[in-house]
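Fold and geometry: a report
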Amino acid sequence: MKPQMLVWISILVLSCASNKKTWVVEGEDIPIEESLLDTLVVTDEEWQEDTLPKVFRPSATLYYDILHTKLALSFDWQKRHVLGRADLTITPYFSPIDHIVLDAVGFEIHGVYLGQSYVQTGYQYDDKKLTVALGKMYKRGENIVLRIDYTAMPDKLPAGGSDAITSEKGLFFIDPLDEDPDVPSQIWTQGETENNSRWFPTFDKPNERFTQEILLTVDTMYKTLSNGNKIASQLHGNGMRTDHWKQDKPHAPYLAMVAVGEFHEELDKWENVPLHYFVEKKYQRHANQIFNHTPEMLSFFSEKLAFPYPWDKYAQVAVRDFVSGAMENTGAVVFGSFVQKTDKELIDNENDNIVAHEMMHHWFGDLVTCEDWSNLTLNEGFANYAEYLWLEHKYGKDKAEEHRINEMAGYFNQTYLEKPHPLIHYFYADKEKMFDAHSYNKGGLVLHMLRNYIGDDAFFASLNRYLTDNQFTAVEVDELRMAFEDVTGQDLHWFFDQWFLSPGHPSLTVSYTYDSLANTLQISVAQTQSPDGHLSVYRLPVEVAVYAADGAVNYYPALIDQRNQVITIEGIANQPSVAVLDGKGVLLASIQEEKSAEQYQAQYLFSGHFYDKYDALYNLQPMPANVIEAGLNDSYAYFRSETVRSIPDSLASTYADRLQALALSDPHSQVRREALIKLSMVDDIDLVPICNMVMMSESAYPVIDVALQVLVMADPEKAARYIARFRDEDSDYLAATLVGILGEVPTDEDWAFLERKARTVGVNHMVDFYTACQTYLVGKPAETMSRAIDFLSSIAADPKGNVYRKYLALIGLLNMGEDVSARMDTEPSLDDEMLLQRLAETIRSIVENEQNPILKEKYSEMR
């Protein structure tokens, strides 16, 4: 699963022209690219777990095993009810049983029956647990057939939720009465962690698994999706249809899913596996491109793991208002609507990372499942590392390493704000908070170190052994360790104890001294991490890179295993131009190296490793001319882009011709965008002709966005003609910029645009759009603000609305209140006084009536 990123008031003041963010790492500010939804949420809450009782979190005890679950479901869209019949085939796990306790949250139970003849039996129900009397003692190996007729009412349950999964309702109705023409009516589910028991009775723990059938009766206008293959579809003659989905291979309860809606379905095939791409109808011509690398990924992962894709189909569906980033339901992945992009948005911005992440889960998480949430990284660490593996395969090492640095920054950020915890965390305070930058980021980074320690052949052979030995079972970390030990013949306790079972990471301070008389290079290494939350000493195998004056490099293996030590490398005949302790960029560690500017120049010019070049650029500010020249000609777009960004504004005119060429013809849109931004810093250049050329020839939105902003500043009236060109496009990318072009008095078309986008803008562009709206409304007359209150308050008060949209709408109302209050101080008017009173009453009503616990907490912090 990919968690959703929660965006709160502390980051609402963002520039529409940049998506760079500064991560705080061990006291440094490190600029690093961040993609919304691809980096996990790290809150600024103080660490509380040390004050909590240390409660061991075991896997659930299995008293029985559900062998098969068959559900017949229909839906009352008006009441938001699930009308269900569950047929469960169950057997005692080991000891005899005479009753069964099932998870069933918020149900109305209509009847419970036993056996093929469905004899009614006694039961007790407390709104969370359904206890069924079996009438006799059943022994291991005997099957129990149980039928439950019920109505599930997930919409009446408290939303619950966390930063990673914002609601625990399990099943969600989206615009069920078709009241909003811009929102499609949908039903979809989100079972992780233990929320599927809110729409069907089960034993809702990750160490259970069953085969499954789901029959969905829906209006014929809707398409359906569930796990397995659709084996039948029956029309009933009354405008209704029943689709029968069946999965013959067992999986955990949280992986069961359904989706219903007016989707466009694109069909494809990989080998003998059917592929299904479900998107909203307005994205139907983009569906194949949205999921464009799916067949190639299935081949890549199947071959890399030497384990063919194990399920009977692979479907992907994008839904509205999803409560997480994406979810790896077996053979039927659900994504938030942010993956729905137009062809222009997909330029240099494909969905590869999240598609690869969810696909890898079908081996690690679906086929082999963590037995409890303490071991969650056995699901999520592998899925995160799949992103690296795919990028490395498809785009090259630099792209993968850029991703690794982002993952490391996300993990460091969490450990800076909170005390680290073990990767395998048997004493977590809340299972929902296991979906953090440890289970995800650190998990993948540790696997990368293990791969580099034992080598590629052994690493992937060990993964195959792990999957083969444990398929269709639940596991804990020792089973992973034993698979690696069985393949390599090594005792790897030290590695797993250090990286999986202990908290933290090393912080290293490194200095280099060359002795020309002894022909030796001495490297002083101090492990400076605080023992509070980290090990005092880590064992760190490294390969030291030593670069000669001509750039030739040699690698020397070394072992860091002391708090303070000196590594001596002999036989270095001449002064190295630079040396790098972690010469191949493998360690999960904060490393501070003492180097001169000349050494960092050599490091950038000679090293072929992404992190070395990245580190050099960060430490070479201002950037010397030879590094600028090398950076502008670098084969990897990131370095061309960063070099353009790092050119001092005072020197931008010197590079004007190069920048213009890059802006118009560089192969990567990010470089074109940065070059255009840097050109805007040159005083004696007329950018309007260049921007007009861009508007005629450019396809990528990030570049068009910059050109449009330049044209707006140069000639707002001429730029206004672009509103009509872009206002009705499917994409949200330019929405915030278009707000800035609107006239002083909004027309009916302007209002239609504002109100439609406010309700439909996707999470990727939501903050920018709402921030632009707030800026636009500053100083507007009472009549304009009054209409803005109407649509913003309807969004903020919507009990079924998207949590981020609701929050941003309320912030918009608050900002309007501050603006009106400020002008009342200088130019009081009756209209503004009435407007301010209305704003105060509206905001108070929204806050007092809010039921979502996350929003309630955030609103309470404002008071």
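Placed above this text is the structure.
All figures in this text were calculated on a predicted structure; none of them were measured in a lab. (Residues numbered from 1 in each chain as written. Predicted model: local features only at pLDDT ≥ 70, side-chain atom pairs only at ≥ 80, totals over all residues. Heavy atoms only, no water.)

Let's shift gears to the sheet that holds strand S19 (residues 273–280). Reading across the sheet, the five strands line up as S18-S19-S20-S22-S21 and stay open at both edges, with mixed pairing between neighbours. Whereas interior strands pair on both sides, the edge strands pair on one side only; in this sheet they are strand S18 (263–270) and strand S21 (326–327). The pairing of S18 with S19 spans eight bridges and is classified as antiparallel. When the sheet's bridge partners are listed, Asp268 is paired in S19 with Leu275. (Pairing = 2+ DSSP bridges. Helix = DSSP H or I, 4+ residues; strand = E, 2+ residues; numbered from the N terminus.)

Moving on, we get to helix H23 (residues 782–796). With 15 residues, H23 should cover 21 Å at 1.5 Å per step; its first-to-last C-alpha distance of 20 Å lies within 8% of that length. All of the buried residues in H23 are Ala782, Thr784, Met785, Ala788, Ile789, Phe791, Leu792, Ser793, Ile795 and Ala796. Buried residues along H23 sit against helix H21 (748–760), helix H22 (763–777), helix H24 (803–826) and helix H25 (830–849). (Expected span 1.5 Å × (residues − 1). Buried < 20%, exposed > 50% of the residue type's maximum accessible area, 1.4 Å probe, protein only. Contact = heavy atoms within 4.5 Å.)

Each strand in a sheet pairs with another by means of backbone hydrogen bonds, the pair being arranged parallel or else antiparallel. The eight strands are arranged S7-S6-S10-S4-S3-S13-S16-S15 in an open sheet whose pairing can be described as mixed. This sheet does not close on itself; its edge strands, each paired only once, are strand S7 (119–120) and strand S15 (229–235). Looking at chain direction, strand S13 (residues 210–219) and strand S16 (residues 240–251) are connected through nine bridges and run antiparallel. Of the residues in S16, the one forming a bridge with Leu216 is Asp243.

Note on placement: Thr377 falls in helix H4 (residues 377–395). Exposure remark for Thr377: the relative accessible area of 3% places this residue in the buried category. Sequence separation of Thr377 and Ala545 is 168 residues, and the distance between their C-alpha atoms is 32 Å. Residue contacts for Thr377: discarding those within four places in its chain leaves Phe382, Leu423, Ile424, His438, Ser439, Gly443 and Phe500.

This part takes up the pairing of S19. Counting buried positions along S19 yields seven of eight residues, so the element is predominantly enclosed. Hairpin remark: S18 followed by S19, antiparallel, with two residues in the connecting loop; positive phi at Glu271, about 50°. In terms of strand pairing, S19 meets strand S20 (residues 314–319) through four bridges, oriented parallel. The residue bridging Phe278 from the neighbouring strand is Val317, located in S20.

Together, Leu664, Met693 and Met696 line one region of the surface with nonpolar side chains, adding up to about 310 Å² of accessible area. One can find Met693 in helix H16 (residues 687–697). (Patch = residues over 30% accessible without salt bridge, like charges linked within 9 Å, V, L, I, M, F, W, Y side chains within 5 Å. Areas by Shrake-Rupley, 256 points an atom, 1.4 Å probe, with all protein chains shown as cover. Salt bridge = Lys/Arg side-chain N within 4 Å of Asp/Glu carboxyl O.)

Fair warning: the whole summary comes from geometry, so function is off the table for now.
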